[in-house]
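Geometric and topological summary
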Amino acid sequence: MIVLFTDFGLEGPYTGQIKAVLHQAAPFVPVIDLFADAPTCNARAAAYLLAAYAVWFPAATVLLAVVDPGVGGPRASLAVAADGRWYVGPDNGIFELVIRRAAAVQAWEIAWRPERLSSSFHGRDLFAPVAARLARGEPPPGVPRDPVAARHPDWPDDLAEIVYVDHYGNAITGLRTALLSEEARLTTMGRTIGRARTFSDVPVGTAFWYENSNGLAEIAINQGRADRELGLAVGSPVAIAT
Amino acid sequence: MIVLFTDFGLEGPYTGQIKAVLHQAAPFVPVIDLFADAPTCNARAAAYLLAAYAVWFPAATVLLAVVDPGVGGPRASLAVAADGRWYVGPDNGIFELVIRRAAAVQAWEIAWRPERLSSSFHGRDLFAPVAARLARGEPPPGVPRDPVAARHPDWPDDLAEIVYVDHYGNAITGLRTALLSEEARLTTMGRTIGRARTFSDVPVGTAFWYENSNGLAEIAINQGRADRELGLAVGSPVAIAT
Amino acid sequence: MIVLFTDFGLEGPYTGQIKAVLHQAAPFVPVIDLFADAPTCNARAAAYLLAAYAVWFPAATVLLAVVDPGVGGPRASLAVAADGRWYVGPDNGIFELVIRRAAAVQAWEIAWRPERLSSSFHGRDLFAPVAARLARGEPPPGVPRDPVAARHPDWPDDLAEIVYVDHYGNAITGLRTALLSEEARLTTMGRTIGRARTFSDVPVGTAFWYENSNGLAEIAINQGRADRELGLAVGSPVAIAT
């Protein structure tokens, strides 16, 4: 399975062209759209979102992760093998949390270049062909590299910020719920918010946080939009107020 | 064929994770996105939209219908067989019109539970695996139940409200055109609107209603946006002014 | 491969119903979403976008191109074979630039009609079944027609207008970069903008134009939104200021 995690948007030609490349180079591999609206040009927030959602997928999944404001510039390209899954994308920190949390990890700097490489769409021209190779069982076309060297040591293990706002207006943080106590409350935009198990456990209109279906702390309002009512967007800071 | 009818949005991780489950559990069954933007948390409006669009699909289609504000609460889960098609989703009225209009209908309360059931994403954890089983030809994993008992007797046979606004700003009502006379006019937001066959039959900028390609009465403006120009949204009331 | 180029939007039922038709009529042919947000009801702008993006696809690709404000009216339906690719859609100029730029081109007026043809959704009822036939290797179900007769001689060879605004706010023009000098500057909305190779070659916040990954001149701002900051939308005029 090849899983797309990008900030390309579902509309427009980008995701479609990537799928055309994948269908030609790995015809029988299903391609899944996970996020086409990962935090735009924000590799740091994207890194926490990717790390939380990637581990839900089975072994041998190839995650094509492209949030790449430095495309066409000097940043390198990476293939990473972490706990049985493959990752392909730019070397800009997007794999930082995947690498840091993995029990077993290897990395390669991608040396292969296509015949024709556009300056703005490496997702289509470089990363998709590499993802197709990995999905076909071929080795990464590059040179091994110390995955520790990829680390951004200043990035925290969990990010106390909103990293994604979904279709309903729910605001996902970069905090893993497993690290928070049952009584932990979250403070954001001047409001302190208690924990609940799910939407129907609180009255309509009430703000709460809960463990979302991929293990992140998520701020929501039962039958309301947390983003609008609390003023939350990607990057809004959150604090733990136990 | 498995058809997705949800309010999850196409972006974000929800539809992608459901497709990942379906691809693993029913690998050779095509999955079609019908609506990812069904009326948010509005099972009643969704019920009229689903009933009108489901019957267009061939026999043996499995419709995975998830508009589920009560997820994680006490509401039951249903599998319904109606006129040769399968339906899977929450027991909150979303299948009310499908059941009421079917010539032959059976229902099951889903008793099966996955090993790990999140409190907020039964679409992925419960309904998708059940849909995959039905698509593989297996029986519903549950106990038969009187489909009549599912009915909301206070819901009308046709809904005189806007149930969907499309990409062009056209506003779809819950009224089946087959029940309306050729001369019927619709009144909404203080405007009375006549019928036309299609867009090009009225001058540019003119509001009209017509039988849409799935048999519902739809309010539109030739080369304009009916939602903005007439002030229409999901839930706006419509009256028949013959 | 069947490639969808429409103004239907990805959400709502339109693209899904077309895919359901294609899956049934040409089960093993991959279907790629290229644009679901081509310029709404604007066949002229769409024609330049289609011509630039279609040539990226391999020979034998079938492009289903539906921007069709005249649906249900007297406009004819076309199948076009141009430089080894197939095109199916309305005869409203959307294939004008494909035809004009092709080295080898043939056209057919589609004579076939389905048993049930809705008045507003020929994409599903007429064009998709024809696209599936072509993808299966069958001949176009229609009568040959002089492709030159389809031409709109008043449309320019390149369109000095914005024809698409993408997810990032980048504004794509209808100008092929191959025809512009390295020093060419573009003027739009009172601003004159120089050329760069890619985003990371200019400071954050700087407006520039560049050759996009499909050969069109595209106006962008490094880590900003050109549409909002420069006031650009589909149809905004652009001038070449060498």
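Look above for the structure.
The structure contained in this document is the topic of the report that follows. Quick caveat, the model's predicted, so the values are computed rather than measured.

1. Remarks on the overall build of chain A
- On a plain count of helices and strands, chain A comes out with five helices and 14 strands.
- Here the C-alpha atoms of chain A give a radius of gyration of 19 Å, agreeing with the 18 Å that 2.2 N^0.38 yields for 242 residues.
- Projected onto its principal axes, the C-alpha coordinates of chain A cover approximately 55 × 35 × 30 Å.
- Per element, the accessible surface of chain A, about 8700 Å² overall, is 52% carbon and sulfur.
- Each charge class in chain A can be summarised by its mean position, and for the 20 positive and 25 negative side chains these summaries are 2 Å apart.

2. Some points on the interface of chain B and chain A
- With 29 residues of chain B in contact, the opposing surface of chain A contributes 29 residues.
- Between chain B and chain A lies a buried interface of about 2300 Å² when both sides are counted; carbon and sulfur atoms form 56% of it.
- Taken together, chain B and chain A are joined by 13 residue pairs in polar contact (both at pLDDT 80 or more).
- Residue contributions to the side of chain B that touches chain A peak at eight residues, all from helix H1 (residues 14-25) of chain B.
- In terms of residue class, the side of chain B that touches chain A is built from ten nonpolar, 14 polar and five charged.

3. Describing helix H4 (residues 122-135) of chain C
All names here are of chain C.
- End to end, H4 covers 18 Å across 14 residues, agreeing with the expected 20 Å (1.5 Å per residue, within 8%).
- The principal kink in H4, of about 35°, is found at Ala128, preceding the proline Pro129 by one to four residues.
- Every buried residue of H4 is accounted for by His122, Gly123, Arg124, Asp125, Leu126, Phe127, Ala128, Pro129, Val130, Ala131, Ala132 and Leu134.
- Among the structural elements, strand S1 (2-6), helix H1 (14-25), strand S3 (62-66), strand S4 (77-82), strand S5 (85-90) and strand S6 (105-110) are those in contact with the buried residues of H4.

4. Focus on unusual backbone geometry
- The phi dihedral of Ala60 of chain A falls on the positive side, at around 80°, and the residue is not glycine.
- Relative to the helices and strands, Ala60 of chain A is located in the loop between helix H2 (43-54) and strand S3 (62-66).
- Overall, the relative accessible area of 51% leaves Ala60 of chain A in the exposed class.
- Its identity as a non-glycine residue notwithstanding, Gln223 of chain B has a phi of 55°, on the positive side.

5. Topic: the packing of aromatic side chains
- Tallied over the entire structure, the rule returns 39 aromatic pairs over all chains.
- Both rings, one in Phe8 of chain C and one in Phe121 of chain C, keep their centres 5.6 Å apart while their planes meet at 90°; by these two values the pair is edge-to-face. On the criterion of sequence distance, the pair formed by Phe8 of chain C in the loop between S1 and H1 and Phe121 of chain C in the loop between S6 and H4 is long-range, its members being 113 residues apart.
- A network of ring pairs unites the aromatic residues Phe5, Phe35, Tyr53 and Tyr164 of chain A as a single cluster.
- Seen from the ring of Trp112 of chain B, Arg133 of chain B lies directly overhead, with NZ or CZ sitting 4.9 Å from the centre.

6. A closer look at the packing of H1 of chain B against helix H4 (residues 122-135) of chain B
Residue and element names in this part refer to chain B.
- Following both chains from N to C, one finds H1 and H4 inclined at 35°, their axes separated by 9 Å at the closest point. Like other packed secondary-structure pairs, H1 and H4 cross with a definite hand, here right-handed. Facing Gln17, Ile18, Val21, Leu22 and Ala25 of H1, the residues of H4 in contact are Gly123, Arg124, Ala128, Pro129, Ala131 and Ala132.
- In terms of residue class, the contact of H1 with H4 is made up of eight nonpolar, two polar and one charged.

7. Concerning the side chain of Arg100 of chain A
- In this fold, Arg100 of chain A is placed in helix H3 (residues 96-101).
- In terms of polar contacts, Arg100 of chain A uses its side chain to reach the side chain of Glu96 of chain A, at 2.8 Å.

8. Digging into the sheet that holds strand S11 (residues 191-193) of chain A
- Ordered by their spatial adjacency, three strands build an open sheet running S11-S10-S14 (chain A), and the pairing between neighbours is antiparallel. For this open sheet the edge positions go to S11 and strand S14 (239-240) of chain A, each flanked by a neighbour on one side alone.

9. With respect to the relation of the copies chain B and chain C
- For these two chains of identical sequence, chain B goes onto chain C by a turn of 120° and a shift of 0.0 Å along the axis, with RMSD 0.0 Å. In short, the pair behaves as if placed about a three-fold rotation axis. Relative to the rotation axis, the C-alpha of Leu10 of chain B is the closest in chain B, positioned 4.5 Å from it.

10. A closer look at the relation of the copies chain B and chain A
- When chain B is fitted to chain A, the residual RMSD is 0.0 Å, and the transformation amounts to a turn of 120° plus an axial shift of 0.0 Å.
- In this assembly the copies use different faces: only 14% of the residues contributing to the interface of chain B also contribute to that of chain A.

Reading the values: rules and limits
- Residues numbered from 1 in each chain as written.
- Chains lettered and ligands numbered in written order.
- Predicted model: local features only at pLDDT ≥ 70, side-chain atom pairs only at ≥ 80, totals over all residues.
- Heavy atoms only, no water.
- Helix = DSSP H or I, 4+ residues; strand = E, 2+ residues; numbered from the N terminus.
- Rg over C-alpha atoms; globule rule 2.2 N^0.38 Å.
- Areas by Shrake-Rupley, 256 points an atom, 1.4 Å probe, with all protein chains shown as cover.
- Lys, Arg positive; Asp, Glu negative; His and termini not counted.
- Charge placed at Lys NZ, Arg CZ, Asp CG, Glu CD.
- Contact = heavy atoms within 4.5 Å.
- Buried area = accessible area lost by both parts, 1.4 Å probe.
- Polar contact = N/O pair within 3.5 Å; in protein donor to acceptor, adjacent residues only side chain to side chain.
- Nonpolar A, V, L, I, M, F, W, Y, C, P; charged D, E, K, R; others polar.
- Expected span 1.5 Å × (residues − 1).
- Bend = angle between axes of the 7 residues up to and from the residue.
- Buried < 20%, exposed > 50% of the residue type's maximum accessible area, 1.4 Å probe, protein only.
- Phe/Tyr/Trp six-rings, centres within 6.5 Å; stacked < 30°, edge-to-face > 60°.
- Lys NZ or Arg CZ within 6 Å of the ring centre and 35° of its normal.
- Axes fitted to C-alpha atoms, helices over the stretch in contact; angles between N-to-C directions.
- Left-handed = near helix turned anticlockwise from the far one by under 90°.
- Pairing = 2+ DSSP bridges.
- Least-squares fit on C-alpha atoms with pLDDT ≥ 70 in both.

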